[in-house]
Amino acid sequence: MEQYETAPLLLLVVDGANVVGSVPDGWWHDRHGAAERLRDSLVATAERGLPEHPGPLEVVLVVEGAARGVTGLPEVRVVPADGSGDDRIVELVREARAGDPARACLVVTADRALRARVAELGADVTGPRSVRSQ
């Protein structure tokens, strides 16, 4: 009987501060709560996927600052950034690609500098609307 290796799930890394900040809904009054709401909304994305990337997906939400205390869920891993959220996102992509150079990574951010940094590592990039409209 042949055994087939399954490809690892697409790694979706979400720039929490950038995505939360993309909608002027008063998030600045409760950064922690805004990050929790984003985390909760990402559960459906982890299960269903995105239009160009059917689920399930491995979803990682990177949080920083006042949102660092947000805990993860089984469907959404939350990674706090001790320093720069952008640097932590780059580390996550680098680690994923080092473990499996063919691993598909998609980073959600509108930050141009971060987009360039992760693209150099072979990750694809999409904007905040891709997960905010889910």
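The rules behind the values
- Residues numbered from 1 in each chain as written.
- Predicted model: local features only at pLDDT ≥ 70, side-chain atom pairs only at ≥ 80, totals over all residues.
- Heavy atoms only, no water.
- 1 Å grid on protein atoms, 1.4 Å probe; cavity = no way out; pocket = protein on both sides within 12 Å on 5 of 7 lines; lining within 4 Å.
- Points joined across faces, edges and corners; volume = space filled by probe spheres on them.
- Helix = DSSP H or I, 4+ residues; strand = E, 2+ residues; numbered from the N terminus.
- Polar contact = N/O pair within 3.5 Å; in protein donor to acceptor, adjacent residues only side chain to side chain.
- Contact = heavy atoms within 4.5 Å.

S.K.: Help me out: how do you make sense of the layout of surface pockets in this one?
M.R.: By rolling a water-sized probe across the atoms, one finds the places where empty space is left. Size it by volume and the largest pocket reaches roughly 190 Å³. Residue lining of the largest pocket: Gly16, Ala17, Val20, Trp27, Arg31, Ala35, Val63, Glu64, Gly65, Ala66 and Ala67, and that is the complete set. For the lining of the largest pocket, the secondary-structure elements that each account for two or more residues are α1 (16-20) and α2 (31-48). Looking at the lining of the largest pocket element by element, the count peaks at 3 residues for α1.

S.K.: Where do I start with helix α4 (residues 112-120) in this structure?
M.R.: Note on helix geometry: an α-helix contains 3.6 residues per turn, so any two residues three or four positions apart are oriented the same way. One side-chain oxygen of the residue at the start of α4 lies 3.0 Å from the amide nitrogen of alanine 113, identifying that residue as aspartate 111. Positive phi appears at glycine 122, one or two residues downstream of α4, with a value of about 95°.

S.K.: When you look at the environment of alanine 110 in this model, what are you seeing that I'm missing?
M.R.: Relative to the helices and strands, alanine 110 resides in the loop between β6 (105-108) and α4. The sequence separation of alanine 110 and histidine 32 amounts to 78 residues, and the corresponding C-alpha distance is 20 Å. If sequence neighbours within four positions are ignored, alanine 110 has contacts with Asn18, Arg115 and Pro128.

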